[in-house]
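Per-entry structural report
Residue strings, one per chain:
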Amino acid sequence: MNIVESNKSQQYIEVEEAHGAHNYHPLPVVLERGDGVYVWDVDGKRYFDFLSAYSAVNQGHCHPSIINAMNGQAKTLTLTSRAFHNDKLGAFNKYITEYFNFDKVLPMNTGAEAVETAIKIARKWAYEKKGVAETDAQIIVCDNNFHGRTTTIISFSNDENARKNFGPYTPGFIKIPYDDTDALEKALQQDNVAGFLVEPIQGEAGVYTPSDDYMRKAKELCTKNNVLFIADEIQTGIARTGALLAVCGKCDCQGHCERQETYSRPDVLILGKALSGGAYPVSAVLADDEIMNVIHPGQHGSTFGGNPVAAVVAMAALDVVKDESLAQNARKLGSYFRAQINEYIETTDTVVLVRGRGLLNAIVINDSEDGDTAWNICMRLRDHGLLAKPTHGNIIRFAPPLVMTMEQLDECIAIIIKTLKEFE
Ligand SMILES: *Cc1c(COP(=O)(O)O)cnc(C)c1O
C-alpha cells in the first residue's frame, strides 16, 4: 500500500525526524488543532481522534472550561515549588480526595512518576507498618504490564523492546500472569510482599479485559494477606471504561460505593492522563492516612508537582467528568460500539474480535502478531478521516474522547467498517 503524505506534512515530519530522537513511530499525520472529538492536520483535513492521546483527552480536545482555568491561572501564578505554599494546592487536595474518597493525595506530573511514588510508598509502608525486613520488600506485578518508562518500571516489564540494554534492572518485583487469582494467591504466600500493582484493564498490552470478578478477588486476597492493592488507573480511570474508576465496575458511585461486589476500593490509587483532560501533565497518588503518612518531609517530591496551574486544571477536568456525565456516556456508547462491531465481525474473517469496556476498546485483526495489516488499516482509517493506532502488531485500540455523541459514533462506526471491508 502506498500512501503519499502532503508536501506540507512531509516537511514537518522531516524536520522532526532530523532533529529529534527516534523513540516513537507515529502515524504520518501532522496535527495543528483540536476541538472536542476532532483534530485537524496542517492541510486543514479533519479527523475523529480515536486515540485521545492514550486516554488523556477524555474530556475532548481544548475543553473550554479546562482551558479557561489554565489560562487564568497561567497569568496569575504558575509555580512556587513546594518550598512555599500556594493558594490552589489545598483546594485541589480537598477536591480530589473527596471526589475519589481517600484521606490524602500526593500530586506529581507524569504517570510514570506517580507509579514510582506508589512503589516508594508501598515499600516504606511494608518496612514501617508491616514489619518486612529492610530491603526485602517485594511488589507483585503482572505479565504484559505497562506502567511507564523509568528504569525501575521497565525492570518489571516483559516487553523486550522496552527493556533490552537498559539494565541493570531494579530488583524487588515478582511477576505473575494477569487475570489469574490462583497465581496471585500463591505469590502472596511470602511474608515480604508490600503490594500488588495492577492495571484493571491492560491498555497498552492490547486492551486485555480480565474476568468481571478479577479486581474484587484480587483486592480480597490482598486484604487477607496484609498487602497493598495498588490500582494503576492512569489509562482506565476517570470515566474511560464507563465508570469513574475501572475498579468500580458498573455503577456511578464516583468512588463512594458501598457495594463491595462492584467496587474493589484500591489501597493506593494512581491517576494521570485524563486528570488534566490532556491540557497539562498532572498525576496523583491517593491513599488513606495509615498508608500515606509513612511519607515525611524530604522523603519524596517534585519541583512541579502540586503547582497551581496543575491544581486548577485538574479540578476543572474532574468537574467536566461529572457535569457532562462522561462515565454514563462512555458506558452507553461503548456497548453500542461493541455490538455494532460484533455484528460486522459475524460477516468477516478480517477481524477476530472486539473487546473492552466503556470507550476503551480494541479489535484484533486476523494477521500474525508481527504482520502489518493493522498498521495499513490505520493508514486507511486516516485517509477516511479517523485516527487510531495499533497497540501491538495485530491489535488496534479505539478510544475516542468521551464527549462523543451517538450521531458522531455512528459516523465513526461507518468509517471503521467501510475501511475494514477494504481489507477483506
Ligand atoms: C500511560 C500510562 C502510564 C505512564 O504515564 P506517563 O504519563 O506516560 O508517564 C502508566 N501506566 C499506565 C496504565 C498508562 O497507561
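Predicted model, so just to flag it, every value in this text is computed and none were measured.

Right, let's get into the site of the ligand. The local shell around the ligand consists of Thr110, Gly111, Ala112, Phe146, His147, Gly148, Glu199, Asp232, Ile234, Gln235 and Lys273. At 2.8 Å from an oxygen atom of the ligand is found a main-chain nitrogen or oxygen belonging to Gly111. In isolation the ligand has 380 Å² of accessible area, and contact with the protein removes 81% of it. Each residue belonging to the shell around the ligand can be placed in one class, and the counts come to 3 nonpolar, 5 polar and 3 charged.

The next subject is the sheet that holds strand 6 (residues 173-176). If you trace the 7 strands from one edge of the open sheet to the other, you get 4-10-9-8-7-5-6, paired in mixed fashion. Each having just a single partner strand, strand 4 (104-108) and strand 6 make up the two edges of the open sheet. With direction set aside, neighbouring strand axes in the sheet form an average angle of 20°. In this structure, strand 5 (residues 138-142) lies alongside strand 6, joined through 4 bridges in parallel fashion. Paired with Ile139 across the bridge in strand 6 is Phe173. Strands in contact with helix 4 (residues 89-100) are strand 4, strand 9 (268-271) and strand 10 (283-287); relative to strand 4, the strand with the most contacts, it is inclined by about 120°.

Glycine aside, the phi torsion of most residues is negative, and most peptide linkages are trans. Each neighbour pair has its own omega, and for Gly167 with Pro168 the value is 5°, a cis peptide bond. Phi is positive for Cys62, which is not a glycine, with a value near 50°. One can find Cys62 in the loop between helix 2 (52-55) and helix 3 (64-74). Even without a glycine there, the phi angle at Asn226 is positive, about 55°.

Here we come to the domain arrangement of the chain. Looking at the assigned domains, one finds that the chain contains domain 1 (3-59 + 326-421) and domain 2 (64-323). Relative to domain 2, the C-alpha centre of domain 1 lies at a distance of 27 Å. For the pair domain 1 and domain 2, the two sides together bury roughly 2,400 Å², of which 50% comes from carbon and sulfur. Ranking the residues of domain 1 by area buried against domain 2 places Gln59, Arg357 and Leu360 at the top, with a combined share of 30%. Inspection of the domain 1/domain 2 interface yields 1 salt bridge. Put simply, Arg397 and Glu204 hold a salt bridge, and the shortest N to O gap is 2.7 Å. In this assembly, domain 1 and domain 2 are joined by 17 residue pairs in polar contact (both at pLDDT 80 or more). Breaking the side of domain 1 that touches domain 2 down by element, the ones donating at least two residues are helix 2, helix 12 (326-345), strand 11 (351-357), strand 12 (360-365), strand 14 (389-392) and strand 15 (395-398). Counting residues per element, the side of domain 1 that touches domain 2 draws most heavily on helix 12, which supplies 5 residues. The residue inventory of the side of domain 1 that touches domain 2, partitioned by class, reads 14 nonpolar, 10 polar and 4 charged.

With 6 bridges connecting them, strand 11 and strand 12 associate as antiparallel partners. Along strand 12, the bridge assignment pairs Val354 with Ile363. Here strand 11 folds back onto strand 12, and the loop between the two strands holds 2 residues, one of which, Gly358, carries a positive phi near 55°.

Spatially, 11-12-15-14 is the arrangement adopted by the 4 strands of the open sheet, whose pairing is antiparallel. The sheet terminates laterally at strand 11 and strand 14, the two strands that pair on one side only. Pairwise comparison of adjacent strand axes, ignoring direction, gives a mean angle of 30° for this sheet. Set on the sheet, helix 12 makes contact with strand 11, strand 12 and strand 15; between it and strand 11 the angle comes to about 170°.

Further remarks concern the state of the cysteines. Following the criterion strictly, the structure yields 0 disulfides and no others. No disulfide involves Cys62; its sulfur sits 18 Å from that of Cys412, the nearest cysteine. No disulfide involves Cys142; its sulfur sits 10 Å from that of Cys222, the nearest cysteine.

This paragraph deals with the nonpolar core. Generally speaking, a soluble globular protein has its nonpolar side chains buried in company with each other. Core analysis: the biggest nonpolar cluster contains 97 residues, and Phe50, Ile96, Phe100, Phe196, Leu386 and Phe398 have the highest contact counts within it. Ranked by residues supplied to this core, first place goes to helix 11 (residues 308-323) with 12 residues. When residues are assigned to domains, this core turns out to be shared by domain 1 (3-59 + 326-421) and domain 2 (64-323), each giving three or more. When near neighbours in sequence (up to four residues on either side) are disregarded, Phe398 contacts Phe50, Phe337, Leu359, Leu360, Asn361, Ala362, Ile363, Leu381, Leu386, Ala388 and Ile416. In this structure, Trp125, Ala194, Ile230 and Met292 belong to the second largest nonpolar core, which totals 30 residues.

What counts and how
- Residues numbered from 1 in each chain as written.
- Predicted model: local features only at pLDDT ≥ 70, side-chain atom pairs only at ≥ 80, totals over all residues.
- Heavy atoms only, no water.
- Near = heavy atom within 4 Å.
- Polar contact = N/O pair within 3.5 Å; in protein donor to acceptor, adjacent residues only side chain to side chain.
- Areas by Shrake-Rupley, 256 points an atom, 1.4 Å probe, with all protein chains shown as cover.
- Nonpolar A, V, L, I, M, F, W, Y, C, P; charged D, E, K, R; others polar.
- Pairing = 2+ DSSP bridges.
- Helix = DSSP H or I, 4+ residues; strand = E, 2+ residues; numbered from the N terminus.
- Axes fitted to C-alpha atoms, helices over the stretch in contact; angles between N-to-C directions.
- Contact = heavy atoms within 4.5 Å.
- Domains from an automatic or database assignment.
- Buried area = accessible area lost by both parts, 1.4 Å probe.
- Salt bridge = Lys/Arg side-chain N within 4 Å of Asp/Glu carboxyl O.
- Disulfide = S-S within 2.5 Å.
- Core = buried A, V, L, I, M, F, W, Y, C linked by side-chain atoms within 4.5 Å.
- Buried < 20%, exposed > 50% of the residue type's maximum accessible area, 1.4 Å probe, protein only.

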